[in-house]
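So you can see what is in the structure, the chains are spelled out below.
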Amino acid sequence: MTKHGVRPGTVQETLLIPLYGRAVENGKEQAALRDPRAGEIVAAIDYDFSRFDGLPSLTGAVLRTALFDRWVTDFLAAHPSGTVVELGAGLNTRHERVDWAQARWFDLDLPDVTELRRTFFIDTARRTTIAASVTDPSWPATVEADAGGPYFFSAEAVLPFLEETDVRRVLGMLAERFPGSLLALDTAGPGIVGAQDDHDALSKVEARMRWSCADPAELATWLPGTEVLAAHTLSGLPGRMYEQLPAAYREMLDGLAEQRLPQVEEYRLCLVRLP
Ligand SMILES: C[S@@+](CC[C@H](N)C(=O)[O-])C[C@H]1O[C@@H](n2cnc3c(N)ncnc32)[C@H](O)[C@@H]1O
């Protein structure tokens with residue numbers, strides 16, 4: 001079988017970390033999520049994934065994904081024919097994991113990533129791939145033209161890789177074009193961004209985070225009226241989710257909560273309502 005190549009040394013390479021995390025997780029007997037498709041995709045990509053073996057960040061990425069999945073599922077339970085837009089979708093398989101039969105779905109990423117995505121995922125009447133930068137002011141028209149909302153935007157492990165000015169621009173654009181929508185994003189504090197050369201997974205790729213956010217409440221100062229509905233650390237996941245995790249995860253998270261490590265405390269999984 002000819003494998004698909006990825007261009008190392010670019011921000012796109014970072015998508016392989018959560019992808020591999022989900023593939024490894026799927027192979028576990030007791031897992032935080034199931035994702036058989038991720039394993040198939042990993043097997044079809046020409047890349048030395050073993051460099052990520054055993055890294056704590058893989059577990060962090062899986063827990064983040066599981067929480068974002070819950071948020072999207074809750075949204076679709078309330079709005080079964082709502083619209084989900086994955087910003088910086090990478091090779092995420094959220095549609096495969098949480099799709100509801102009537103939802104409208106968009107997966108947006110940079111053109112070379114969407115080219116790779118298209119080898120694994122097929123567009124349908126309800127699912128559309130968009131090749132664009134999230135900062136590009138023209139993509140919202142594609143979504144608006146074809147989907148009436150309400151909208152849920154999922155930006156998982158994407159915005160920290162942008163400059164702050166670009167993050168502000170993206171949030172402003174979302175608020176202007178899709179007012180009142182939900183946005184899930186992650187934020188990394190200055191201690192994490194400043195120490196990323198020593199980060200277990202990022203140190204193995206060239207891409208670096210640019211935007212540091214000490215407190216997600218800052219978002220409401222950029223865009224008055226923004227409501228931060230949740231801002232969880234990995235060691236402070238929602239009770240309902242924590243209770244349903246395998247026992248080994250709960251033990252590990254209890255230990256993390258006691259240690260209050262800056263790299264855990266400064267990393268937030270946020271759900272916000274745009275003004
Ligand atoms: C760490 S990966 C996360 C991928 C996916 N969200 C997941 O959780 O599996 C970061 C993704 O953001 C994408 N990305 C980075 N900058 C972007 C931009 N300006 N516009 C759109 N996507 C971008 C990368 O191509 C990559 O797919």
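Please refer to the structure placed before this passage.
As the structure is a prediction and not an experimental result, all values here were calculated from the model.

(A) Main features of the environment of Phe-68. Tracing the sequence through the fold places Phe-68 in helix α3 (residues 56–78). Taking the C-alpha atoms as reference points, Phe-68 and Asp-123, 55 residues apart in sequence, are found 22 Å from one another. Residues contacting Phe-68, with those up to four places away along its chain left out, are Arg-94, Ser-154, Ala-155, Glu-156, Ala-184, Leu-185, Asp-186 and Leu-269.

(B) Examining unusual backbone geometry more closely. Following Gly-149, the chain continues to Pro-150 via a peptide bond in cis, the omega torsion being 0°. Relative to the assigned elements, Pro-150 resides in the loop between α6 (139–146) and β6 (151–155). Positive phi, normally seen in glycine, also occurs at Ala-157, with a value near 60°. Residue placement: Ala-157 occurs in the loop between β6 and α7 (164–177).

(C) Up close: the layout of surface pockets. There is about 180 Å³ of room inside the second largest pocket. Lining the second largest pocket are Gly-5, Val-6, Arg-7, Thr-10, Gln-12, Glu-13, Leu-15, Asp-112, Val-113, Glu-115 and Leu-116. In terms of residues, the lining of the second largest pocket owes the most to one element, helix α5 (residues 111–117), which gives 4 residues.

(D) Spotlight on the pairing of strand β9 (residues 267–273). Summarising burial for β9: 5 of the 7 residues are buried, a large majority. By the bridge criterion, 5 bridges tie strand β8 (residues 227–232) to β9 in an arrangement that is antiparallel. Opposite Ala-230, over in β9, you have Leu-271 as the bridge partner.

Procedures and definitions
- Here the residue numbers are simple positions, counted from 1 along each chain's written sequence.
- In keeping with the model being predicted, local features are shown solely for residues with a pLDDT of at least 70 and side-chain atom pairs are shown and tallied solely at 80 or more, while totals for entire chains, interfaces and linings include all residues.
- Side-chain measures here rest on the full set of heavy atoms in the structure, leaving out hydrogens and waters.
- A run of DSSP states H or I qualifies as a helix once it reaches four residues; a run of E qualifies as a strand once it reaches two. Both are numbered from the N-terminal end.
- Note on contacts: a residue pair is in contact if any heavy atoms of the two residues lie within 4.5 Å.
- As defined here, a cavity is a set of points on a 1 Å grid over the protein atoms alone where a 1.4 Å probe fits but cannot get out. A pocket is an open set with protein on both sides within 12 Å along at least five of seven lines, and residues line them when an atom is within 4 Å of a point.
- Grid points are joined across faces, edges and corners, and a volume is the space filled by probe spheres set on the points.
- Think of it in three bands: residues with accessible area under 20% of the maximum for their type are buried, residues over 50% are exposed, and the middle band is partly exposed, with areas taken using a 1.4 Å probe on protein chains only.
- By the convention used here, strands pair only if DSSP detects at least 2 bridges between them.

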